[in-house]
Amino acid sequence: MKQAEYDTPKPLTFSLLRLLADGEFHSGEEMAHSLGLSRASVHNALQDVGRYGITLHSVRGRGYQLAQPLHWLDAAQIAGHAGEARDSLHLEILDHAASSNALLLQRATQGAASGTVLAVEWQSAGRGRLGRTWHSGLGNALTFSMLWRFECGLAALSGLSLGVGVAMLRALHELGVQDAGLKWPNDVLLPDGKLAGILLEAQGDMLGPSAVVIGIGMNLALPPQTREHIEQAASDLAACGIPLQQRNRVMGLLLKHLVAVMREFAANGFAPLRAEWENDHLFQQRPAKLLLPDGKCIEGVVRGVTAEGALRLETAHGMQVFNAGEVSLRRV
Ligand code: ATP
């Protein structure tokens, strides 16, 4: 499948968006003056911001105004919401990257510390499972990756991606969102669509040590320009009454619970998290079908997961167990 790729806003566009972030009117002349540019350069740099999920009004005689103020990521604010997890984190915020996961994997091979977090305002080639694309706008989502190093080998990490789902649900509960649930192996869903995706990419030996990059994409206020690229129903935190202003808080709480789950997992694996995961699984004890890589489809009733995070499906031929690999769970 071809990965969709967007172009990246120019540094000048970011500078102008910073001036416009307050949601007030700013004249082209004033912005041109403060950045030492011509008005034509301002006009050109703002011409196509719609493609980044941003709505900008331009009114003759008054200037430019964002339809919604921008709430930039702020490392100090994020850390302030992460509780004691902040001491385990090395947080870096970038204006853009092709994919936060790809960049952090690269940094991991160069020795980046456990707890390194890369958050990006704009991802031009966000990735999902199986080469799929993760779409997000500028400033209206969270797209970040966290590196965690484990003593154990890759073989002992099965179930970790489900553990990440548990961490996300704990953070959502702390935010007061009660109607989110999980879809095996690691989608986070609201009643009207997908809220967040999780992508784990691991490095290391089967016997250890190992390093995992955990990528999270979460919709905060999904703009129509982004929604139209998504092939399935999607939802956002705004639909739960959590406004975009809480962007840094949401990220801080996600990190707080992610770090806690990493520690729990390092000590005891997935087994102690399993009941909590099953409790949040929207397909638990429900009929469902599994799509296999060869195009086949298996129907059955979901009977939870194993202590390693594999799906248990009761089929007409008895209980079958599936690893996440290349299979996808769907409603029947
Ligand atoms: P599976 O059920 O196999 O896990 P998935 O289709 O949900 O599958 P992921 O890799 O988790 O796969 O996520 C990628 C998919 O998520 C894309 O193919 C697209 O359908 C959807 N998607 C992409 N961007 C967004 C977004 N911002 N919000 C919601 N869904 C999105």
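Basis of the calculations
Residues numbered from 1 in each chain as written. Predicted model: local features only at pLDDT ≥ 70, side-chain atom pairs only at ≥ 80, totals over all residues. Heavy atoms only, no water. Axes fitted to C-alpha atoms, helices over the stretch in contact; angles between N-to-C directions. Helix = DSSP H or I, 4+ residues; strand = E, 2+ residues; numbered from the N terminus. Parallel < 35°, antiparallel > 145°, perpendicular 65-115°, else oblique. Contact = heavy atoms within 4.5 Å. Nonpolar A, V, L, I, M, F, W, Y, C, P; charged D, E, K, R; others polar. Pairing = 2+ DSSP bridges.

S.K.: For the packing of helix H1 (residues 11-20) against helix H3 (residues 39-46), give the residues involved together with the corresponding values.
M.R.: Relative orientation of the contacting elements H1 and H3 amounts to 95 degrees, with a least axis distance of 9 Å. One way to sum up the angle between H1 and H3 is to call them roughly perpendicular. For the pair formed by H1 and H3, the contact residues are Leu12, Thr13, Leu16 and Leu20 on the first element and Ser41, Val42, Ala45 and Leu46 on the second. Looking at the contact of H1 with H3 residue by residue, the class counts come to 6 nonpolar, 2 polar and no charged.

S.K.: Describe the sheet that holds strand S3 (residues 90-97), and please don't skip the residues or the numbers.
M.R.: In spatial order, the strands read S3-S4-S5-S9-S8-S7-S6; together these 7 strands make up an open sheet with mixed pairing. Edge positions in the open sheet fall to S3 and strand S6 (181-183), since each of these has one partner strand only. Sheet twist, expressed as the mean angle between neighbouring strand axes with direction ignored, is 20 degrees. Bridge count between strand S8 (residues 193-204) and strand S9 (residues 210-219): 9 bridges; the pairing is antiparallel. Looking across to S9, one finds that Leu199 is bridged to Gly215. Its contacts with the sheet place helix H5 (residues 100-109) against S3, strand S4 (116-123), strand S5 (141-150), S8 and S9, and it is angled at close to 25 degrees to S5. Along the sheet, helix H8 (residues 247-268) contacts S3, S4, S5 and S9; its crossing angle with S5, the most-contacted strand, is approximately 20 degrees.

By themselves, these figures tell us nothing about what the structure is for.
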